[in-house]
Structure formats: structure tokens, C-alpha cells
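Analysis of the macromolecular model
Given next are the chains, with one letter for each unit.
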Amino acid sequence: MGQLLLGRLRDAMLGIGQDHDFPGAEHLPAELARAHADFHTCHYADLALRLPRLIRAGHALGTDTEGRHLDLLGQSYLLATRMFVKLDEQQLGWMAADRARQVAEAAGQPLTVAEAARSLAVLARRAGWEEQALSIALNAAEHPALRASRSGGAERGLLIQSAAYSAARGGDRQGMRGLTEEAAAIATSLGGTTVLRDHGGGFSPATVQLHRISAEFSTGDPVAALTAARALPPQSLPSVERRARYYTDVAAALAQRGRRDECLRALLAAEHQAPQETHSRPAVRSLISGLLLSGRTTPELRALAARAHALL
């Protein structure tokens, strides 16, 4: 499923192939909402059809005097970037994120510009450029437009949260915890509810805590990551995609602690939440392969490996 989605998005971005069934201008907002729903529920088979069509339609329709088509195209590219990051496809991720930024700047949409910056920061971190990733996120968080509204405040929180993860990857545990607390304070100030659900899965105290699990793990402290996970009921997370991420992050921490049986249970919980997500992500397949190599196998583990196409 991951390779199918990658191939269709790549072709749409390169302008090759044909799709005569993309939506007209009046249907684009509803189609984008459905694409976001596909992402949040991890229905990637549907997303593999809908998102490439949105990109093709956005380019085919061009722009209008209000820039509406540009904003929809920018948001489509942001969604594509999130999938490329999940599927560990760096080159296409850079292309999509840069196009999202350019389109959002042309449309005059500060929230979309900020979210494009966050995507670029994620990609920079994935490339091992932690300092640059930190700078991209924190510089974007200081834009005055993000202090003018509730949604802008939530985007600031997402950017600071991303900067915390970059600090963690750079080995700065104290900096990571300080930035995480700053993001948590913003989430609390917004009333503790989920804001910006379509920007990276939303922003709330629960999503900050989810990020804390990954960040603690990235500093090399799986015990702190598991402690953070115990403080977060997964049902408090705003989407299937975020709940699946919770279980796979917990599985990674358990694997590092050598707690194989619990790791497998966490992976099975992730699969129960979101089979297409669990079977598509290279990071999850790597975890499963690690379990196959590191000790005894069970019928449950072998069956999961077969469903996820995890190889020795």
C-alpha cells in the first residue's frame, strides 16, 4: 500500500500519467476534507486515489483572484509531505514541502506557510541536520501572524514541539524538556482541547505528551519514554493515526529495553488501530524484523511479520 501511494503521488507531482476523474473546483474543499479524514483514519488505499487527484486538480485549475485553489494545493502538498515522512521517502518529501511553502506564500496563508516550515524542519531532522531543523521551527514560531489567533497559537505550539524533538535528536535533553514544557503551556492556555486537527494531527496537551514519548526515546532514555507513555491514555488522542503512533512509539521503547513480549503486544495494538499504517511504515517493519532476529519467534509474531511484509 505504501509503494502504491508513493508511486501515485510521485507521478502526480511530476505531471506524468493521466487522471480524467479529478474533482471540479466546486468539489475541491470537500475532497480535501475527505483526504484529511483518510489520513487521520489511516485509510491509505482511499488516500492513494484521492490525494494525487487533488494535486492534479490544483495544478490543472490554476489560481483564481482570491487564491483559493492555491491554498487547497498547498494543503494537499502538506498532506503528501506527511505521507512521505511516514514512508521514509526523503527526496519526494523535500519536493512536496518546498512546493507547499511556495504555494502557501503565494496564497498569503500564514498558517500554511508555518506548517510547511514545520515539515521542512522534520525533513531536516531526518537528514541529520538537527541545528538547522531547530532554527527552522523556532524562526517560524516567531512570526507575528501566529500570535493573532487561537489557530496561530496552536501552530506556534506545533513548531515549538517540533523544535523540542530536534533538540532531543541533537542530544540536548535539557533543551528538549524546556521546549516541551513551553509547548505544553501553550496547549493548556488554549483550553486543553484539540486545535488544528488537520495540521499534523492536531495540537492539545495529549498530542504534546505523545511527542514527549518520542523525544525522550530520541535522547536515549526509553525508561523516561515509557514513563511519559503511562501518563497518556491513548484514547485521549484525537485520531486513529495518532493512537497508532502512540503504540508504535511504546513498542520502540519496549524493544530497546528488551521487553519483547510487551513490544509485540504494543505492535499488535497498533495494527488493531490502523492496519494500513502499521503495515506501510518502514520503521514498524524494522521493529518487527528486529524481534524476529533477536530471540524466539511465536506464531503471533510470524503472522504479524507476514502481514507487514517484514523480512529477515
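Residues numbered from 1 in each chain as written. Predicted model: local features only at pLDDT ≥ 70, side-chain atom pairs only at ≥ 80, totals over all residues. Heavy atoms only, no water.

To continue, consider empty space enclosed by the protein. Overall, the coordinates contain one cavity of 30 Å³ or more when judged by the stated rule. Here the largest cavity defines a volume of roughly 40 Å³. In terms of lining residues, the largest cavity is bounded by Gln 161, Ala 164, Tyr 165, Thr 180, Val 208, His 211, Arg 212 and Ala 215. Counting residues per element, the lining of the largest cavity draws most heavily on helix 10 (residues 205-218), which supplies four residues. (1 Å grid on protein atoms, 1.4 Å probe; cavity = no way out; pocket = protein on both sides within 12 Å on 5 of 7 lines; lining within 4 Å. Points joined across faces, edges and corners; volume = space filled by probe spheres on them. Helix = DSSP H or I, 4+ residues; strand = E, 2+ residues; numbered from the N terminus.)

Where empty space is left can be seen by rolling a probe of water-molecule size over the atoms. Computed from the structure, the largest pocket encloses a volume of approximately 970 Å³. The wall of the largest pocket is formed by 38 residues, among which Val 85, Arg 126, Tyr 165, Arg 245 and Arg 281 lie closest to the centre. Contributions of two or more residues to the lining of the largest pocket are made by helix 4 (68-86), helix 6 (110-126), helix 8 (150-169), helix 10, helix 12 (240-256) and helix 15 (282-294). Among the elements that make up the lining of the largest pocket, the one with the highest residue count is helix 10 (seven residues). Grouping the constituent residues of the lining of the largest pocket by class yields 13 nonpolar, twelve polar and 13 charged. (Nonpolar A, V, L, I, M, F, W, Y, C, P; charged D, E, K, R; others polar.)

Another aspect to go through is the packing of aromatic side chains. This structure, assessed with the given rule, holds two aromatic pairs. A centroid spacing of 5.7 Å and a plane angle of 40° characterise the contact between Trp 94 and Trp 129, whose relative ring orientation is tilted. Of this pair, Trp 94 sits in helix 5 (residues 90-107) while Trp 129 sits in the loop between helix 6 and helix 7 (130-141), and the two are 35 residues apart along the sequence. Of the residues examined, Trp 94 reaches a relative accessible area of 27% and is grouped as partly exposed. Centroid distance Tyr 246 to Tyr 247: 5.1 Å. Interplanar angle 85°. Geometry classified as edge-to-face. (Phe/Tyr/Trp six-rings, centres within 6.5 Å; stacked < 30°, edge-to-face > 60°. Buried < 20%, exposed > 50% of the residue type's maximum accessible area, 1.4 Å probe, protein only.)

Enumeration according to the criterion identifies 19 salt bridges in this entry. Put simply, Glu 142 and Arg 147 hold a salt bridge, and the shortest N to O gap is 3.3 Å. Exposure remark for Glu 142: the relative accessible area of 47% places this residue in the partly exposed category. Its relative accessible area of 52% is what places Arg 147 among the exposed residues. For the salt bridge of Arg 177 with Glu 216, the shortest nitrogen-to-oxygen distance reads 3.0 Å. With Arg 177 in helix 9 (residues 173-189) and Glu 216 in helix 10, this pair connects stretches of sequence that are 39 residues apart. The class of Glu 216 is buried, set by a relative accessible area of 5%. (Salt bridge = Lys/Arg side-chain N within 4 Å of Asp/Glu carboxyl O.)

So far we have only geometry, and geometry alone does not tell us how the molecule works.
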